[in-house]
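For reference, the chains in residue letters:
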Amino acid sequence: MINERENRSFEDVKKQAELWIREASQYIKEKMKGTLSITTKAHQHDLVTDVDQNVEKFFLDKITDKFPDHRLMGEEGSFEQIKDLEGTVWILDPIDGTVNFVHQKSNFAISIGIFHDGEPIIGLVYDVMGDELFSSLKGQGAMLNGEKLPALTKNSLNEALLSFNAGWLLKERGLEELVESSRGIRSYAVAALEMAYVACGRLDAYISFNLAPWDIAGGYALLQEVGGKATNYTGEELTFLEKDTLLAANPWIYDEILEIARKK
Ligand code: IPD
Ligand code: CA
Ligand code: CA
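An account of the accompanying structure is given in this report. (Residues numbered from 1 in each chain as written. Chains lettered and ligands numbered in written order. Predicted model: local features only at pLDDT ≥ 70, side-chain atom pairs only at ≥ 80, totals over all residues. Heavy atoms only, no water.)

1. Observations regarding the coordination of the calcium ion (ligand 3)
Thinking step 1. For the calcium ion (ligand 3), the protein coordination sphere consists of Glu75 (OE), Asp93 (OD) and Ile95 (O), at 2.2 to 2.3 Å.
Thinking step 2. Counting the intervening residues between successive donors of the calcium ion (ligand 3) yields the motif E-x17-D-x1-I.
Thinking step 3. Between the calcium ion (ligand 3) and the calcium ion (ligand 2) the interatomic distance amounts to 3.7 Å, and aspartate 93 serves as a bridging ligand to the pair. Here the residue glutamate 75 occupies a position in the loop between strand 3 (71–74) and strand 4 (88–96), and isoleucine 95 occupies one in strand 4, the gap between them amounting to 20 residues.
Thinking step 4. Of the residues examined, glutamate 75 reaches a relative accessible area of 17% and is grouped as buried. (Donors = N, O, S within 2.8 Å, 3.2 Å for Na, K, Ca; no water. Helix = DSSP H or I, 4+ residues; strand = E, 2+ residues; numbered from the N terminus. Buried < 20%, exposed > 50% of the residue type's maximum accessible area, 1.4 Å probe, protein only.)

2. What to know about the nonpolar core
Thinking step 1. Ile91, Val125, Phe134, Met195, Ala230, Phe240 and Leu246 are the most contacted members of the largest nonpolar core, which has 38 residues in total.
Thinking step 2. At the level of secondary structure, the elements contributing two or more residues to this core comprise strand 4, strand 5 (109–116), strand 8 (142–144), helix 5 (191–200), strand 12 (205–211), helix 6 (213–225) and strand 14 (244–249).
Thinking step 3. Isoleucine 91 has contacts with Met73, Leu85, Ser111, Ile112, Gly113, Phe115, Pro213, Trp214, Ala217 and Phe240, leaving out every residue within four places of it along the chain. (Core = buried A, V, L, I, M, F, W, Y, C linked by side-chain atoms within 4.5 Å. Contact = heavy atoms within 4.5 Å.)

3. So, the coordination of the calcium ion (ligand 2)
Thinking step 1. Around the calcium ion (ligand 2), the protein supplies Asp93 (OD), Asp96 (OD) and Asp215 (OD) as donor atoms, at distances of 2.1 to 2.3 Å.
Thinking step 2. Of note, the calcium ion (ligand 2) draws all its donor residues from one chain, in the sequence arrangement D-x2-D-x118-D.
Thinking step 3. Judged by relative accessible area, which is 6%, aspartate 96 ranks as buried.

4. Re the site of ligand 1
Thinking step 1. Surrounding ligand 1, one finds 13 residues, the nearest of these being Asp96, Gly97, Thr98, Asn165 and Ala189.
Thinking step 2. Here an oxygen atom of ligand 1 and a backbone polar atom of valine 190 are 3.1 Å apart.
Thinking step 3. Measuring from an oxygen atom of ligand 1, one finds a backbone N or O atom of alanine 191 at 3.1 Å.
Thinking step 4. Taken together, the elements giving at least two residues each to the shell around ligand 1 come down to strand 4 and strand 12.
Thinking step 5. For the shell around ligand 1, the element with the highest residue contribution is strand 4, accounting for three residues. (Near = heavy atom within 4 Å. Polar contact = N/O pair within 3.5 Å; in protein donor to acceptor, adjacent residues only side chain to side chain.)

5. Considerations on helix 6
Thinking step 1. Taking 1.5 Å per residue, 13 residues should reach 18 Å; helix 6 reaches 19 Å between its end C-alpha atoms and fits that length.
Thinking step 2. At glycine 219, helix 6 shows its largest kink, close to 25 degrees.
Thinking step 3. Among the 13 residues of helix 6, eleven are classified as buried, and the element is accordingly described as predominantly covered.
Thinking step 4. By the burial criterion, the buried members of helix 6 are Pro213, Trp214, Asp215, Ile216, Ala217, Gly218, Gly219, Tyr220, Ala221, Leu222 and Leu223.
Thinking step 5. Directly beyond the C-terminal end of helix 6, a positive phi value near 80 degrees is found at glycine 227. (Expected span 1.5 Å × (residues − 1). Bend = angle between axes of the 7 residues up to and from the residue.)

6. Some words on the sheet that holds strand 6 (residues 119–127)
Thinking step 1. Read across the open sheet, the seven strands follow the order 3-4-5-6-7-8-9; overall the sheet is mixed. Since the sheet does not close on itself, it has two edges, and those belong to strand 3 and strand 9 (147–148), each with one partner.
Thinking step 2. Here six bridges tie strand 6 to strand 7 (residues 132–137), and the two strands are oriented antiparallel to one another. Its bridge partner lying in strand 7, tyrosine 126 is registered against leucine 133.
Thinking step 3. Together, strand 4, strand 5, strand 6 and strand 7 form the strand contacts of helix 5, whose direction differs from that of strand 6 by roughly 105 degrees. (Pairing = 2+ DSSP bridges. Axes fitted to C-alpha atoms, helices over the stretch in contact; angles between N-to-C directions.)

In short, shape yes, function no, at least from these values alone.
Structure follows, in C-alpha coordinates:
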(Lines give C-alpha, C1' and ligand atoms only; values in the text may rest on other atoms or scores of the structure.)
(Ligands and ions follow the chains in the order given, each with its own letter.)
Protein backbone atom coordinates (compact mmCIF):
# COMPACT_ATOMS: atom_id res chain seq x y z
CA MET A 1 0.00 0.00 0.00
CA ILE A 2 1.27 3.49 -0.77
CA ASN A 3 0.96 6.12 1.96
CA GLU A 4 -0.19 9.75 1.66
CA ARG A 5 3.31 11.16 1.19
CA GLU A 6 4.04 8.66 -1.58
CA ASN A 7 0.68 9.47 -3.17
CA ARG A 8 1.66 13.18 -3.29
CA SER A 9 4.95 12.31 -4.96
CA PHE A 10 3.07 10.17 -7.50
CA GLU A 11 1.00 13.28 -8.33
CA ASP A 12 4.26 14.88 -9.47
CA VAL A 13 5.23 11.74 -11.39
CA LYS A 14 1.86 11.85 -13.16
CA LYS A 15 2.25 15.53 -14.09
CA GLN A 16 5.72 14.83 -15.44
CA ALA A 17 4.53 11.81 -17.43
CA GLU A 18 1.74 13.90 -18.97
CA LEU A 19 4.24 16.52 -20.11
CA TRP A 20 6.43 13.85 -21.68
CA ILE A 21 3.39 12.33 -23.42
CA ARG A 22 2.63 15.74 -24.98
CA GLU A 23 6.26 16.13 -26.05
CA ALA A 24 6.38 12.63 -27.55
CA SER A 25 3.10 13.29 -29.39
CA GLN A 26 4.54 16.40 -31.05
CA TYR A 27 7.46 14.28 -32.22
CA ILE A 28 5.09 11.58 -33.57
CA LYS A 29 3.02 14.16 -35.48
CA GLU A 30 6.16 15.69 -37.01
CA LYS A 31 7.45 12.27 -38.09
CA MET A 32 4.08 11.44 -39.68
CA LYS A 33 4.72 14.18 -42.25
CA GLY A 34 7.74 12.25 -43.58
CA THR A 35 8.40 8.64 -44.56
CA LEU A 36 8.19 6.04 -41.80
CA SER A 37 10.67 3.21 -41.57
CA ILE A 38 8.39 0.16 -41.15
CA THR A 39 9.45 -3.36 -40.15
CA THR A 40 7.27 -6.46 -39.88
CA LYS A 41 7.87 -8.33 -36.59
CA ALA A 42 6.32 -11.79 -35.96
CA HIS A 43 3.72 -11.65 -38.82
CA GLN A 44 1.89 -9.23 -41.10
CA HIS A 45 -0.36 -8.00 -38.25
CA ASP A 46 2.65 -7.00 -36.16
CA LEU A 47 4.51 -3.87 -37.28
CA VAL A 48 7.09 -1.60 -35.71
CA THR A 49 8.40 1.74 -36.98
CA ASP A 50 11.37 3.91 -36.12
CA VAL A 51 8.88 6.20 -34.35
CA ASP A 52 7.79 3.45 -31.91
CA GLN A 53 11.45 2.80 -31.06
CA ASN A 54 12.38 6.49 -30.74
CA VAL A 55 9.41 7.24 -28.48
CA GLU A 56 10.47 4.41 -26.16
CA LYS A 57 14.06 5.72 -26.16
CA PHE A 58 12.73 9.20 -25.33
CA PHE A 59 10.89 7.86 -22.26
CA LEU A 60 13.84 5.69 -21.23
CA ASP A 61 16.22 8.68 -21.27
CA LYS A 62 13.77 10.97 -19.46
CA ILE A 63 12.90 8.43 -16.74
CA THR A 64 16.53 7.45 -16.16
CA ASP A 65 17.47 11.10 -15.79
CA LYS A 66 14.56 12.35 -13.65
CA PHE A 67 13.61 9.22 -11.67
CA PRO A 68 16.78 7.08 -11.50
CA ASP A 69 15.21 4.56 -9.11
CA HIS A 70 12.25 3.90 -11.44
CA ARG A 71 12.43 1.18 -14.10
CA LEU A 72 10.89 0.96 -17.57
CA MET A 73 9.20 -2.04 -19.16
CA GLY A 74 8.61 -0.95 -22.75
CA GLU A 75 7.52 -2.99 -25.76
CA GLU A 76 10.45 -2.02 -27.96
CA GLY A 77 13.26 -3.66 -26.00
CA SER A 78 13.39 -2.28 -22.47
CA PHE A 79 11.01 -5.05 -21.25
CA GLU A 80 13.89 -7.50 -21.47
CA GLN A 81 15.45 -6.06 -18.29
CA ILE A 82 12.26 -6.40 -16.21
CA LYS A 83 11.57 -9.73 -14.49
CA ASP A 84 9.50 -8.49 -11.51
CA LEU A 85 7.41 -5.47 -10.48
CA GLU A 86 9.33 -4.47 -7.34
CA GLY A 87 9.63 -0.73 -6.72
CA THR A 88 8.27 1.70 -9.31
CA VAL A 89 7.93 0.34 -12.85
CA TRP A 90 6.64 2.28 -15.86
CA ILE A 91 4.92 -0.10 -18.28
CA LEU A 92 4.96 1.63 -21.66
CA ASP A 93 3.54 1.02 -25.09
CA PRO A 94 5.16 3.85 -27.08
CA ILE A 95 2.58 3.43 -29.86
CA ASP A 96 -0.36 1.13 -29.28
CA GLY A 97 -2.14 0.47 -32.56
CA THR A 98 0.90 0.63 -34.84
CA VAL A 99 -1.05 -0.91 -37.75
CA ASN A 100 -3.54 1.99 -37.44
CA PHE A 101 -0.65 4.45 -37.12
CA VAL A 102 0.90 3.18 -40.37
CA HIS A 103 -2.30 2.65 -42.40
CA GLN A 104 -4.69 5.28 -41.03
CA LYS A 105 -2.48 7.90 -39.41
CA SER A 106 -5.04 7.99 -36.58
CA ASN A 107 -6.53 5.69 -33.92
CA PHE A 108 -3.32 5.00 -32.02
CA ALA A 109 -2.26 5.82 -28.48
CA ILE A 110 0.64 6.22 -26.10
CA SER A 111 -0.08 4.01 -23.09
CA ILE A 112 1.60 4.12 -19.68
CA GLY A 113 0.77 2.27 -16.48
CA ILE A 114 2.96 3.16 -13.52
CA PHE A 115 3.00 0.40 -10.90
CA HIS A 116 4.51 0.42 -7.40
CA ASP A 117 5.34 -2.97 -5.87
CA GLY A 118 2.92 -4.56 -8.32
CA GLU A 119 0.05 -2.16 -7.61
CA PRO A 120 -1.32 0.08 -10.39
CA ILE A 121 -0.86 3.72 -9.29
CA ILE A 122 -1.05 5.84 -12.44
CA GLY A 123 -2.83 5.18 -15.73
CA LEU A 124 -2.29 7.30 -18.85
CA VAL A 125 -3.70 6.55 -22.28
CA TYR A 126 -3.40 9.30 -24.86
CA ASP A 127 -5.17 9.24 -28.22
CA VAL A 128 -2.60 11.28 -30.12
CA MET A 129 -4.69 12.42 -33.10
CA GLY A 130 -7.97 12.61 -31.16
CA ASP A 131 -6.23 14.65 -28.44
CA GLU A 132 -7.94 12.71 -25.67
CA LEU A 133 -5.94 12.07 -22.51
CA PHE A 134 -7.37 9.44 -20.18
CA SER A 135 -5.57 9.60 -16.84
CA SER A 136 -5.88 8.23 -13.33
CA LEU A 137 -4.15 8.32 -9.97
CA LYS A 138 -4.88 5.64 -7.41
CA GLY A 139 -7.68 6.67 -5.04
CA GLN A 140 -8.34 9.92 -6.89
CA GLY A 141 -10.44 8.70 -9.80
CA ALA A 142 -9.97 8.78 -13.53
CA MET A 143 -10.25 11.75 -15.86
CA LEU A 144 -10.74 12.44 -19.54
CA ASN A 145 -9.03 15.69 -20.55
CA GLY A 146 -9.23 16.91 -16.96
CA GLU A 147 -12.93 16.05 -16.45
CA LYS A 148 -13.62 13.39 -13.82
CA LEU A 149 -15.11 10.16 -15.17
CA PRO A 150 -18.07 8.84 -13.16
CA ALA A 151 -18.10 5.32 -11.72
CA LEU A 152 -19.48 2.76 -14.17
CA THR A 153 -23.20 2.21 -13.77
CA LYS A 154 -25.58 -0.72 -14.07
CA ASN A 155 -25.84 -2.31 -17.47
CA SER A 156 -27.01 -5.55 -19.08
CA LEU A 157 -25.46 -7.60 -21.87
CA ASN A 158 -28.34 -6.99 -24.28
CA GLU A 159 -27.71 -3.24 -24.04
CA ALA A 160 -23.92 -3.52 -24.10
CA LEU A 161 -21.43 -2.58 -26.80
CA LEU A 162 -18.49 -4.98 -26.84
CA SER A 163 -15.18 -4.82 -28.60
CA PHE A 164 -12.85 -7.47 -29.97
CA ASN A 165 -10.87 -8.00 -33.14
CA ALA A 166 -12.71 -9.94 -35.85
CA GLY A 167 -9.87 -12.46 -36.08
CA TRP A 168 -10.84 -13.98 -32.73
CA LEU A 169 -14.13 -15.23 -34.24
CA LEU A 170 -12.05 -17.76 -36.19
CA LYS A 171 -10.89 -19.45 -32.98
CA GLU A 172 -14.02 -21.08 -31.48
CA ARG A 173 -13.98 -19.15 -28.24
CA GLY A 174 -17.72 -18.71 -27.82
CA LEU A 175 -17.67 -15.15 -29.12
CA GLU A 176 -20.59 -15.86 -31.49
CA GLU A 177 -22.86 -16.02 -28.43
CA LEU A 178 -21.64 -12.58 -27.40
CA VAL A 179 -22.34 -11.24 -30.90
CA GLU A 180 -25.90 -12.54 -30.63
CA SER A 181 -26.56 -11.50 -27.02
CA SER A 182 -25.10 -7.99 -27.03
CA ARG A 183 -26.23 -4.75 -28.65
CA GLY A 184 -23.23 -4.70 -30.98
CA ILE A 185 -19.55 -5.31 -31.58
CA ARG A 186 -16.95 -2.65 -32.37
CA SER A 187 -13.29 -3.08 -33.18
CA TYR A 188 -10.66 -0.36 -32.89
CA ALA A 189 -7.40 -2.41 -32.92
CA VAL A 190 -5.84 -0.34 -30.16
CA ALA A 191 -6.09 -2.26 -26.91
CA ALA A 192 -5.14 0.57 -24.54
CA LEU A 193 -7.78 2.86 -25.98
CA GLU A 194 -10.41 0.12 -25.98
CA MET A 195 -9.80 -0.34 -22.24
CA ALA A 196 -10.02 3.44 -21.78
CA TYR A 197 -13.33 3.35 -23.67
CA VAL A 198 -14.62 0.73 -21.21
CA ALA A 199 -13.51 3.04 -18.38
CA CYS A 200 -15.53 5.95 -19.79
CA GLY A 201 -18.55 3.86 -20.85
CA ARG A 202 -18.17 4.19 -24.64
CA LEU A 203 -17.73 0.42 -24.60
CA ASP A 204 -18.98 -2.03 -21.99
CA ALA A 205 -16.37 -4.74 -22.48
CA TYR A 206 -13.17 -5.40 -24.41
CA ILE A 207 -11.92 -8.93 -25.04
CA SER A 208 -8.62 -10.18 -26.41
CA PHE A 209 -6.61 -13.40 -26.41
CA ASN A 210 -3.02 -12.28 -26.78
CA LEU A 211 -1.99 -9.07 -25.06
CA ALA A 212 1.27 -8.03 -23.44
CA PRO A 213 1.63 -6.05 -20.18
CA TRP A 214 2.27 -2.80 -22.11
CA ASP A 215 -1.03 -3.18 -24.03
CA ILE A 216 -3.09 -3.28 -20.84
CA ALA A 217 -1.24 -1.63 -17.92
CA GLY A 218 -2.46 1.94 -18.52
CA GLY A 219 -6.04 0.87 -19.20
CA TYR A 220 -6.05 -1.44 -16.20
CA ALA A 221 -5.09 1.43 -13.86
CA LEU A 222 -7.88 3.59 -15.34
CA LEU A 223 -10.46 0.83 -14.88
CA GLN A 224 -9.59 0.39 -11.19
CA GLU A 225 -10.64 4.00 -10.58
CA VAL A 226 -14.13 3.72 -12.12
CA GLY A 227 -15.09 0.32 -10.70
CA GLY A 228 -14.31 -1.61 -13.90
CA LYS A 229 -13.13 -5.24 -13.83
CA ALA A 230 -10.20 -6.67 -15.76
CA THR A 231 -8.87 -10.22 -15.55
CA ASN A 232 -7.79 -12.77 -18.08
CA TYR A 233 -10.54 -14.49 -20.08
CA THR A 234 -10.85 -17.29 -17.54
CA GLY A 235 -11.27 -14.86 -14.64
CA GLU A 236 -7.77 -15.05 -13.17
CA GLU A 237 -5.76 -12.03 -12.03
CA LEU A 238 -3.39 -10.47 -14.55
CA THR A 239 0.31 -10.62 -13.67
CA PHE A 240 1.68 -7.83 -15.90
CA LEU A 241 4.80 -9.95 -16.42
CA GLU A 242 3.69 -12.10 -19.33
CA LYS A 243 1.26 -12.23 -22.24
CA ASP A 244 -2.30 -13.22 -21.38
CA THR A 245 -5.92 -13.13 -22.52
CA LEU A 246 -8.13 -10.27 -21.35
CA LEU A 247 -11.68 -9.54 -20.30
CA ALA A 248 -12.05 -5.86 -19.33
CA ALA A 249 -15.65 -4.97 -18.53
CA ASN A 250 -18.29 -2.94 -16.81
CA PRO A 251 -18.72 -4.85 -13.50
CA TRP A 252 -22.45 -5.38 -14.12
CA ILE A 253 -21.85 -7.52 -17.22
CA TYR A 254 -18.46 -9.03 -16.33
CA ASP A 255 -19.92 -12.21 -14.71
CA GLU A 256 -22.33 -12.84 -17.56
CA ILE A 257 -19.51 -12.67 -20.12
CA LEU A 258 -17.28 -14.87 -17.96
CA GLU A 259 -20.03 -17.48 -17.76
CA ILE A 260 -20.25 -17.55 -21.57
CA ALA A 261 -16.44 -17.67 -21.78
CA ARG A 262 -16.27 -20.63 -19.37
CA LYS A 263 -18.62 -22.75 -21.53
CA LYS A 264 -15.79 -23.05 -24.07
C1 IPD B 1 -1.55 -4.25 -30.72
C2 IPD B 1 -2.87 -3.54 -30.58
C3 IPD B 1 -4.00 -4.40 -31.10
C4 IPD B 1 -4.03 -5.75 -30.40
C5 IPD B 1 -2.69 -6.42 -30.57
C6 IPD B 1 -1.58 -5.54 -30.01
P7 IPD B 1 0.70 -2.77 -31.10
O8 IPD B 1 -0.50 -3.46 -30.19
O9 IPD B 1 -3.14 -3.19 -29.25
O10 IPD B 1 -5.24 -3.79 -30.86
O11 IPD B 1 -5.04 -6.53 -30.97
O12 IPD B 1 -2.72 -7.67 -29.90
O13 IPD B 1 -0.35 -6.20 -30.17
O14 IPD B 1 1.49 -3.87 -31.70
O15 IPD B 1 0.02 -1.92 -32.10
O16 IPD B 1 1.43 -2.02 -30.04
CA1 CA C 1 0.30 -2.61 -28.10
CA1 CA D 1 3.25 -0.90 -29.64
